[in-house]
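Close look at the chain arrangement
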Amino acid sequence: MTGSPTDTLFSVAGKSVVVTGGSSGIGAMIATGLVEAGARVLISARKADALAELAAALGGKGSCEYVVADVGTPDGSVAIAEAVATTFDDRLDILVNNAGATWGAPIDDFPDEAWHKLANVNLIGLFRLTTTLLGPLRRAATAEAPARVVNIGSLAGLRATGVENYPYSATKAGVHMLTRHLAHRLAREDITVNAIAPGYFPSRMSAFALDDEATRSELLSSVPLGRTGAPEDVVGAVRFLTSRAGAYLTGSVLEVDGGAAGAG
């Protein structure tokens, strides 16, 4: 290995980062881990109180700012872009597209409204924000240190999980394909695009399943490692994809699921 000492191979110190959906769940795990690793992090979500609370807590560990924004709307993308311009001088090293929504209902009663909402947030909003932030990403990108986009997909986008969340699984599968398409297009501009497909992590979104003992037991029976994910598991994956260690990967979907996708 040349030019990359082991102690800096996974470093994200000093990198400018946006984490959407960063006030809770996997987004908060990622934001916390990156702040603790020395990155300068801007978190976004719809709820100001939750953002302010986390940003204040992380401020004692490093650099964390926040912006209230709904990525399911064009105005949300504009608000994040304006915050990037102010906070990071309009240069962005890493974009983590984590914001998402889910909706569960029996198949006979599944509403059209759910499809529209989840497609707008999970897929259209992700694409819109990524293209809105291409200017800052391009300004930060070099051949030696590409800018990075990390999209948070899902185990549900890789295999049927038995949960009746049809538009969630469909849009997350779309996120994985969109990741590959964006990676193909943006490689020529020194921007890598990869996805992480998390399995079962404790969060507000998964509470409906994991807080019920019978459902939790059933879900974890399909996980070869036999447990839910921990913050370190997803943070480690993000640091790999956004550090020098992951600079030669693009268009990949990294399964962080305890082996569940392969066992399905």
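The rules behind these values
Residues numbered from 1 in each chain as written. Predicted model: local features only at pLDDT ≥ 70, side-chain atom pairs only at ≥ 80, totals over all residues. Heavy atoms only, no water. UniProt positions renumbered as here; feature names shortened; annotations may be inferred. Salt bridge = Lys/Arg side-chain N within 4 Å of Asp/Glu carboxyl O. Helix = DSSP H or I, 4+ residues; strand = E, 2+ residues; numbered from the N terminus. Buried < 20%, exposed > 50% of the residue type's maximum accessible area, 1.4 Å probe, protein only. Expected span 1.5 Å × (residues − 1). Contact = heavy atoms within 4.5 Å. Pairing = 2+ DSSP bridges. Axes fitted to C-alpha atoms, helices over the stretch in contact; angles between N-to-C directions.

For the protein, an unreviewed UniProt entry supplies the name SDR family oxidoreductase and the organism [Mycobacterium] wendilense. Its UniProt record gives the protein a comment under Sequence similarities (unreviewed entry), which states: "Belongs to the short-chain dehydrogenases/reductases (SDR) family."

**Observations concerning the pattern of salt bridges**
Counted according to the given criterion, the structure contains five salt bridges. Of the charged contacts, one joins Glu36 and Lys61 as a salt bridge, the two residues approaching to 3.0 Å between their closest N and O atoms. With a gap of 25 residues between them, Glu36 in helix α1 (residues 25-36) and Lys61 in the loop between α2 (48-59) and β3 (63-68) connect regions that are remote in the sequence. Here Arg227 and Asp233 are joined by a salt bridge, their closest N and O atoms 3.0 Å apart. Look at Arg227 and you get partly exposed, because its relative accessible area is 42%. A residue is classified by how much of its surface remains accessible, and Asp233, at 27% relative accessible area, is partly exposed.

**Quick word on α2**
One turn of an α-helix holds 3.6 residues; hence residues three or four places apart share an orientation. A rise of 1.5 Å per residue sets the reference length of α2, with its 12 residues, at 16 Å; its end C-alpha atoms lie 16 Å apart and thus fit the reference within 8%. Looking at the packing, one finds that the buried side of α2 touches α1, β2 (40-45) and β3.

**As for the sheet that holds strand β5 (residues 147-152)**
Spatial ordering of the open sheet is given by β3-β2-β1-β4-β5-β6-β7, a layout of seven strands whose pairing is parallel. Unpaired on one side and paired on the other, β3 and β7 (253-256) mark the two borders of the sheet. This sheet shows a mean twist of 20 degrees between the axes of neighbouring strands, independent of strand direction. Here β2 pairs with β3 via six bridges, running parallel. Looking at β3, one finds that Leu42 is bridged to Glu65.

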